[in-house]
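Residue strings, one per chain:
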Amino acid sequence: LYVPEAWPRLPDGALARWTSDDVRLLLARRARLSARSTRRTVAPRAHVVTMRCCHALPGAVEVAAVVRCGARVRAVALRMDAARDRWQVTALEIG
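Residue positions are counted from 1 within each chain, in the order its sequence is given. Restriction of local features to residues with pLDDT of at least 70 applies here, the model being predicted, together with a cutoff of 80 or more for giving and counting side-chain atom pairs; totals for whole chains, interfaces and linings are based on all residues. Excluded from the side-chain calculations are hydrogens and water; all other atoms, namely the structure's heavy atoms, are used.

We now examine the overall build of the protein. A run of DSSP states H or I qualifies as a helix once it reaches four residues; a run of E qualifies as a strand once it reaches two. Both are numbered from the N-terminal end. Each helix and strand counted, the protein has 2 helices and 4 strands in total. Going from N to C terminus, the protein has its helices and strands arranged as α-α-β-β-β-β. When each of the 95 residues of the protein is scored for burial, the buried share is 24%. The long-range share in the protein, meaning contacts at least 24 apart out of those at least 6 apart in sequence, stands at 33%. The protein chains shown are the only cover counted for residues, whose accessible areas, like all others here, come from Shrake-Rupley with a 1.4 Å probe. Just so you have it, the protein exposes about 6800 Å², and 58% of that area is on carbon and sulfur atoms. A simple rule labels every residue: compare its accessible area, found with a 1.4 Å probe on the protein chains alone, to the largest value its type can have, and call it buried under 20%, exposed over 50%, or partly exposed in between. Residue contacts are defined here by distance: any two heavy atoms, one from each residue, within 4.5 Å place the two residues in contact.

Here's what the structure looks like:
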């Protein structure tokens, strides 16, 4: 999942509506670590291979997905909570 590489190109506040403060901090940290990487390649497009959703509680959904990025396959887990008129990612793990 190449969100960290795309982070510097996103307009200010692009993810603010859709993510909690904790998730934004996590993504910013991953972007900084990625920027320090010596490997500079064009990131392949990510494709969701499988995805499962579970309504954990009223107003809360947990998602597990397998994402393929070129030759790499990653697990992604996230929690989304209802926030007024939208869903907001409040927890994110990328393996």
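Once the structure has been displayed, the description carries forward.
Glancing now at the nonpolar core. Remark: nonpolar core denotes a set of buried residues (Ala, Val, Leu, Ile, Met, Phe, Trp, Tyr, Cys) joined through side-chain atoms within 4.5 Å. Formed by V23, L27, A65, V67, C69, V76, V89, L92 and I94, the largest nonpolar core amounts to 9 residues. Of all the elements in the fold, those that place two or more residues in this core are α2 (21-36), β2 (60-69) and β4 (86-94).

With that settled, the discussion passes to the packing of aromatic side chains. Note on ring pairs: Phe, Tyr and Trp rings are taken, using the six-membered ring of Trp, and paired if centres are within 6.5 Å. Classes follow the plane angle, with under 30 degrees stacked, over 60 edge-to-face and the rest tilted. Applying the stated criterion across every chain yields a total of 0 aromatic pairs. Here the guanidinium or amino end of R17 rests over the ring plane of W18, the centre of that ring lying 5.1 Å away. We call a charge positioned above a ring when the Lys NZ or Arg CZ atom is no farther than 6 Å from the ring centre and deviates by at most 35 degrees from the ring normal.

With that settled, consider the confidence of the model for the protein. Looking at the protein, the pLDDT average stands at 81 and 77% of residues meet or exceed 70. For every residue, the predictor assigns a confidence score, pLDDT, that lies between 0 and 100. Looking over the protein, one finds the lowest element-wise mean pLDDT in helix α1 (residues 3-6), namely 51, and the highest in β2, namely 93.

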